[in-house]
Amino acid sequence: MSTPPLASGHEGPHALRPLLDTVLEALDTGARARGGPLPAGGPQVVAARIRQAVGDVLPDRGDPHAVRTLVHAFAATAADPAHPLCAAHLHCPPLAVAAAADLAASALNPSMDSWDQAPGASELERLVATALAQQVHPAGTPDSLVTTGGTESNQLALLLAREAHGGSVRLVCGANAHHSLPRAAWLLGLPEPVVVPAPGGTLDPDALDATLTRLSGPLLVAATAGTTDAGLIDPLPEIAAPCAAHGARLHVDAAYGGGLLFSDRHRTRLTGLDAADTVTLDLHKLGWQPVAAGLLAVRDAHDLTALRQRADYLNADDDTEAGLPDLLGRSLRTTRRPDVLKLAVTLKTLGRSGLGALVDQVCAHARQFAALVDAHPDFELHAPPAISTVLFRPTGATDTTVAAVRRALLTDGSAVLGRARLDGRLWLKATLLNPATGPDDLAALLHLAAASRATLVEGHTPR
């Protein structure tokens, strides 16, 4: 048996070219077979299709057509975030230029745990990490770490806060905080978090001040810039003030809202972000990157010294003294992908203005969709969108009906809407992250929701 071709090396590009043609064709035929944003039939039907396509996962003899077969099945059973009616989650359609760069990263396969595995990639990561940290913290000595997303970034923020306070810190967060924050406190063995009221979906600064007044010991306050349910942004300046007054460290989870920094029109929504000690960013949300593309920005690069580790085979003292960069302190992970390449290519290709224009477009789409909902007699709008998320529900419907409307659309494969519980009620959630979405797509999304409700409950054609 001959050795299968490798993706890199002198012959790598020649080996990849026909495979890429096969993959692109299979992506196309799979999407056509799917026909909509989601495969129809629900979980059991989709699982059966995958089982049929895969057959024996590990056959005695290999199948030369496996790439075509499995990529076709993968695409045919995917939830396609580039489809304008796929609008449930913070699940963005990646830019073609970013996906192309990600191919190069996969082919060369650098590992970002030592310089001799990633010579150029290590410098590229340093440049990009510094540039993005400076978007968050224009002054001082900021830095950032590349992570797998908001969950890892939030965990790192709590870890750095714990180490900055000598091994102990208590998390204070709003009732609107992302679930990864209390989970990180549990994982790190920290005390039970103190939860502050978040009436209307945002952290109450007065309640925070009262909480900080009665608590003692090292504290980390976590605010949110872009909640996952409604995209709401906590009042950051009003939160930073009591943190400073009480000597509490401040972390802002801006996994969703951080992308507003690229927009001249919307970046003022993040006023006060630079007061945070640490900030979570996710460019696989409002950055249009393939997963994963997270970062943790720190105001003071000195905080990162807590992550330093020594492994002689990766960062021996004499190698470091001789000038080889030490990468082990750049992550909690050892082996990790060069996710920085797709970030660098995107930033360089589009520039801040290009990314800002995409942010402006999806925010405008949310306002347009909210206006359609508000004008529709059969729907109720929760509130004007804060970023690009719109919450709405059929007028007079029960929570059971709202949930059934969403599941009916999913089973039919016609539209993908999310769900959020806010103000004690269940809402349909449209998260608009596709810059190519048009007015007709927005109208179609609302019409499908109306038709689903009518079919389930009223038995008549929606207005």
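In this report, the structure presented in the accompanying data block is examined. Note that the structure is predicted; figures quoted are calculated from it, not measured. (Residues numbered from 1 in each chain as written. Predicted model: local features only at pLDDT ≥ 70, side-chain atom pairs only at ≥ 80, totals over all residues. Heavy atoms only, no water.)

### Points about the pattern of salt bridges
Thinking step 1. Enumeration according to the criterion identifies 20 salt bridges in this entry.
Thinking step 2. Notably, a salt bridge pairs Arg-352 with Asp-264, separated by 3.0 Å at the nearest N-O pair. Here Arg-352 is found in helix H12 (residues 340-375), whereas its partner Asp-264 is found in the loop between strand S6 (249-254) and strand S7 (278-282), with 88 residues between them in sequence.
Thinking step 3. Accessibility expressed as a relative area gives 35% for Arg-352, which makes it partly exposed.
Thinking step 4. Each of Asp-102, Arg-337, Asp-339 and Lys-342 takes part in a single network of salt bridges with overlapping partners. (Salt bridge = Lys/Arg side-chain N within 4 Å of Asp/Glu carboxyl O. Helix = DSSP H or I, 4+ residues; strand = E, 2+ residues; numbered from the N terminus. Buried < 20%, exposed > 50% of the residue type's maximum accessible area, 1.4 Å probe, protein only.)

### Observations regarding the packing of helix H4 (residues 96-108) against H12
Thinking step 1. Viewed as axis vectors pointing N to C, H4 and H12 meet at an angle of 145°, and their least axial separation amounts to 8 Å. Here the hand of the crossing between H4 and H12 comes out right-handed. Two secondary-structure elements touch here, H4 through Val-97, Ala-98, Ala-101, Asp-102, Ala-104 and Ala-105 and H12 through Leu-341, Lys-342, Val-345, Thr-346 and Thr-349.
Thinking step 2. Of the residues contributing to the contact of H4 with H12, the split by class is seven nonpolar, two polar and two charged. (Axes fitted to C-alpha atoms, helices over the stretch in contact; angles between N-to-C directions. Left-handed = near helix turned anticlockwise from the far one by under 90°. Contact = heavy atoms within 4.5 Å. Nonpolar A, V, L, I, M, F, W, Y, C, P; charged D, E, K, R; others polar.)

### Quick word on unusual backbone geometry
Thinking step 1. With omega at 10°, the peptide bond leading from Val-291 into Ala-292 counts as cis.
Thinking step 2. Of note, Ala-292 is situated in the loop between S7 and strand S8 (294-298).
Thinking step 3. One non-glycine residue, Trp-288, adopts positive backbone phi at about 60°.
Thinking step 4. By secondary structure assignment, the location of Trp-288 is in the loop between S7 and S8.
Thinking step 5. With a relative accessible area of 0%, Trp-288 lands in the buried category.
Thinking step 6. At Asp-423, a residue that is not glycine, the phi angle is positive and equals roughly 55°.

### Quick notes on the pairing of strand S11 (residues 416-422)
For a regular strand, side-chain orientation follows a simple rule: the groups alternate between the two sheet faces.
Thinking step 1. In terms of burial, S11 is largely enclosed, as five of its seven residues are buried.
Thinking step 2. By the bridge criterion, two bridges tie strand S1 (residues 86-87) to S11 in an arrangement that is parallel. Bridge assignment links Ala-87 to a residue of S11, and that residue is Leu-417.
Thinking step 3. Strand direction decides the pairing type here: S11 and strand S12 (residues 425-431), joined by five bridges, are antiparallel. Within S12, the residue paired with Gly-418 across the bridge is Lys-429.
Thinking step 4. Hairpin connection from S11 to S12: two residues lie between these consecutive antiparallel strands, with Asp-423 at a positive phi of about 55°. (Pairing = 2+ DSSP bridges.)

### Quick notes on the environment of Gly-247
Thinking step 1. Summarising the element assignment, Gly-247 is placed in the loop between helix H9 (236-246) and S6.
Thinking step 2. By relative accessible area, which is 54% here, Gly-247 ends up exposed.

### As for the packing of aromatic side chains
Thinking step 1. Taken as a whole, this structure holds two aromatic pairs when the rule is applied.
Thinking step 2. A ring pair is formed by Phe-369 and Phe-392, whose centres lie 5.4 Å apart and whose planes are at 80°; its orientation type is edge-to-face. One end of the pair, Phe-369, is in helix H12; the other, Phe-392, is in strand S10 (residues 389-394), with 23 residues separating them in the sequence. Summarising the burial analysis for this pair, Phe-369 and Phe-392 share the class buried.
Thinking step 3. Three or more aromatic residues joined by ring pairs make a cluster, and in this case those are Phe-369, Phe-379 and Phe-392. (Phe/Tyr/Trp six-rings, centres within 6.5 Å; stacked < 30°, edge-to-face > 60°.)

### What about the environment of Ala-451?
Thinking step 1. Along the chain, the position of Ala-451 falls in helix H14 (residues 439-458).
Thinking step 2. Separated by 46 residues in sequence, Ala-451 and Val-405 place their C-alpha atoms 9.1 Å apart.

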